[in-house]
Amino acid sequence: MQDMRNKTEDTICAIATGMGDGAIGIIRLSGPDAFSIAGQVFRGRKRPSEMESYTAAFGRIVRPAQNDGEGEAAGESLAEKEAGENPAEKEAGESTAEPGRMRGDTEEKEEVLDETVMLVMRAPHTYTTEDTVEFQCHGGAFGLSGVLGLLVEKGARLAEPGEFTRRAFLGGRIDMSQAEAVMDVIRAENDVFYRASQDQLGGLLRKRVTEMRDKLLTETARIESALDDPEHYDLTGYPEELAGILRQLLTELAGMLRRSSEGIRLRDGIPTVIAGLPNVGKSSLMNALLGTDRAIVTPEEGTTRDTLTETIRLGNLTLRLTDTAGIRKTDSRAEEAGILRSYSSMEEAELVLLVLDASRQLLPEEAGLVRRAGMEKTIILLNKEDVPDARGREEMAEELKTLLENTESSAWDAESTDGNIESADKAAESPQGIRLPEILEISAREGTGLEPLRKKVEERFLREGFSGSREPMITSVRHKEALLRTMDALERVMKGIEEGLPEDFLTIDLMDAYQSLGRITGETLEDDLADKIFAEFCMGK
């Protein structure tokens, strides 16, 4: 990562808080010249270079007069001069001197950009492992941008996305898995994923990966030592011993991979589709889950003609929720295209919320939707429970079973042709041994019945559970791929042991597994992949 390391010679700066109006806005300055650059623009009682680490000082950020001397000393001499003008103010740590000052016969003016609290943190005990200064200014994009531009004028460089965290990685304070966890913590949208990200940031995954790599390296070194010095190192019976060690590692890796499916869902959200016939309340359910009127709701059929996707938090999970077009026979090409997209979305989803109307009898088409959605990934929502004479869950379940038993496919099969709705629906087959999906009663209009829905979804997708057992939860596709490559390499070693291959052949795959695990922590990470990871970070982090 030579190119990445060369950039650490620069001093970088960025706005570390979100752009927009706010009470406080923080600008971060990090690098070898952080104290010198800060000293040129800060006017207060204390010099940044003389302050102890983790201390703060109040003052002003100013644009120095044109004929001021360069560097921290010039600015601070003025600060000392101000502080000496009034002993009481000096004791209080503040100066009331005006920006315009007289020095000899020349009036020199300094433009005050903002009042600030300056925090000084000394290397190596900082986020980046470098000298770091943070200015706590008034919030607001205009003022913060002015201060940032002044720091650039004085020699700093605007930080690239993720460059502060990249320097923490290069400085050895965190590994790559912890660096990725930084953005996961920032972007977390549910409690479970937030806690998993905090564990990863704290080094839980790093610790486990390091332990596994140490075992692989120890066994590789043992084989190499025996090959180099067979008189002192005996490998008699060692293949069986190595197989036992690898079986333990494979079991641990398999457990991490099982949890990875859950972890990736927690990070990216569960692909979820709301499906049903027209006017059963799909869009009303979408709005109820979102807590806002995002989807259009009218009594007219065919209002929704395309898919509408939003991200929502449901308890400890995040759903990528898609409201689909109501599925029916239609002569409208636009509506038919939307219905075909509905089918596609249902096939790709991991969760289908199939909405049925409790105020009327079920239609044969709805039995076809149940089959197409799939029994395992469907939750049936019996909507309009608030309507007088609404039919209950047990009654609707019996009716649905009867429809499923008596219809082998959709009622729309009569005139099917390739490429249209009818042929798409024919893919569903007659169920054998009918077991209905979970049925819940709701009122999308009143927003009732959503709490049981939350519990059912959590029960289904948190089956592995975030049990608090301090087991690392894999939340990255990149990490999952590295674990799969590690397992593949170890399984090749096991096969080699079974076939009686010489020990030196086994070390090739042992080191492959070692290298694959190193991709998680960044110890064997290519520069281009590291750059791609950090490019996904926000500015100032």
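Criteria and thresholds
- Residues numbered from 1 in each chain as written.
- Predicted model: local features only at pLDDT ≥ 70, side-chain atom pairs only at ≥ 80, totals over all residues.
- Heavy atoms only, no water.
- pLDDT = per-residue confidence, 0-100.
- Contact = heavy atoms within 4.5 Å.
- Patch = residues over 30% accessible without salt bridge, like charges linked within 9 Å, V, L, I, M, F, W, Y side chains within 5 Å.
- Areas by Shrake-Rupley, 256 points an atom, 1.4 Å probe, with all protein chains shown as cover.
- Salt bridge = Lys/Arg side-chain N within 4 Å of Asp/Glu carboxyl O.
- Helix = DSSP H or I, 4+ residues; strand = E, 2+ residues; numbered from the N terminus.
- Buried < 20%, exposed > 50% of the residue type's maximum accessible area, 1.4 Å probe, protein only.
- Pairing = 2+ DSSP bridges.
- Phe/Tyr/Trp six-rings, centres within 6.5 Å; stacked < 30°, edge-to-face > 60°.
- Lys NZ or Arg CZ within 6 Å of the ring centre and 35° of its normal.
- Axes fitted to C-alpha atoms, helices over the stretch in contact; angles between N-to-C directions.
- Parallel < 35°, antiparallel > 145°, perpendicular 65-115°, else oblique.
- Left-handed = near helix turned anticlockwise from the far one by under 90°.
- Nonpolar A, V, L, I, M, F, W, Y, C, P; charged D, E, K, R; others polar.

## Topic: the confidence of the model for the protein
Any region with low pLDDT has predicted coordinates that should not be read closely.
Here is step 1: Model confidence for the protein is summarised by a mean pLDDT of 78, while 75% of its residues fall at 70 or above.
Here is step 2: pLDDT under 50 marks residues 294-306. Its contacts with residues more than four places away, or in other chains, come to 36 contacts.
Here is step 3: Within the model, pLDDT remains below 50 along residues 409-432, and this stretch shows 52 contacts once partners closer than five positions in the same chain are excluded.

## Brief notes about a nonpolar patch on the surface
Here is step 1: A cluster of nonpolar side chains, namely Leu501, Phe505 and Ile508, defines an oily patch on the protein surface of about 300 Å² accessible area.
Here is step 2: Tracing the backbone through its elements, the reader meets isoleucine 508 in helix H18 (residues 503-521).
Here is step 3: On the basis of relative accessibility, which here comes to 56%, the residue isoleucine 508 falls in the exposed class.

## What to know about the pairing of strand E8 (residues 132-138)
Here is step 1: Burial runs high along E8: five of the seven residues are buried.
Here is step 2: Here strand E2 (residues 24-30) runs beside E8; their pairing, made up of seven bridges, is antiparallel. Note on E8: the bridge partner recorded for serine 30 is threonine 132.
Here is step 3: Examined bridge by bridge, strand E7 (residues 111-121) and E8 share five bridges and lie antiparallel to one another. Bridging from a neighbouring strand, valine 120 pairs with valine 133 of E8.

## Remarks on the environment of glutamate 189
Here is step 1: Of note, glutamate 189 is situated in the loop between helix H7 (176-187) and helix H8 (191-201).
Here is step 2: Separated by 124 residues in sequence, glutamate 189 and arginine 313 have C-alpha atoms that sit 6.7 Å apart.

## Quick word on the packing of aromatic side chains
Here is step 1: Evaluation of the coordinates by the stated rule reveals zero aromatic pairs.
Here is step 2: One Lys or Arg, arginine 28, reaches over the ring of phenylalanine 164 and ends 5.2 Å from the middle of that ring.

## A look at the pairing of strand E1 (residues 12-15)
Here is step 1: Covered by surrounding structure in E1 are Ile12 and Ala14 together with Cys13 and Ile15, the residues of both alternating faces.
Here is step 2: In this sheet, E2 lies alongside E1 in antiparallel orientation, the contact comprising four bridges. Bridge pairing in E2 links isoleucine 15 to isoleucine 27.
Here is step 3: As paired strands, E1 and strand E9 (residues 157-158) are joined by two bridges and run parallel to one another.

## Some words on the sheet that holds strand E3 (residues 42-44)
Here is step 1: Judged by pairing direction, the sheet is mixed, and its seven strands sit side by side in the order E3-E4-E7-E8-E2-E1-E9 without closing on themselves. The open sheet is flanked by E3 and E9, the only strands paired with a single partner.
Here is step 2: Pairing between E3 and strand E4 (residues 55-63): three bridges, direction antiparallel. Residue pairing for E4: phenylalanine 42 is matched across the bridge by isoleucine 61.
Here is step 3: In the packing of helix H2 (residues 34-41) onto the sheet, contacts are made with E2, E3, E4, E7 and E8, and the angle to E3 comes to roughly 65°.
Here is step 4: Helix H6 (residues 163-170) rests against E1, E2 and E9 of the sheet, and its axis sits at about 135° to E1.

## Details of the pattern of salt bridges
Here is step 1: A full pass over the atoms with the stated rule returns 26 salt bridges.
Here is step 2: Between arginine 157 and glutamate 163 there is a salt bridge, with its nearest N and O atoms 2.7 Å apart.
Here is step 3: By relative accessible area, which is 2% here, glutamate 163 ends up buried.
Here is step 4: Where glutamate 451 meets arginine 454, a salt bridge forms, and the shortest distance between an N and an O atom there is 2.4 Å. Here arginine 454 and glutamate 451 lie together in helix H16 (residues 450-461), a separation of three residues that amounts to about one turn.

## Description of the packing of helix H10 (residues 238-268) against H18
Here is step 1: In contact at an axis separation of 13 Å, H10 and H18 are set at 20° when each is read in the N-to-C sense. Comparing their axes, H18 and H10 come out roughly parallel. Of the two elements, H10 crosses H18, and the hand of that crossing is left-handed. Contacts between H10 and H18 involve Pro239, Leu242, Leu246 and Leu253 on the former and, on the latter, Glu503, Leu506, Leu510 and Leu517.
Here is step 2: Looking at the contact of H10 with H18, its residues break down into seven nonpolar, no polar and one charged.

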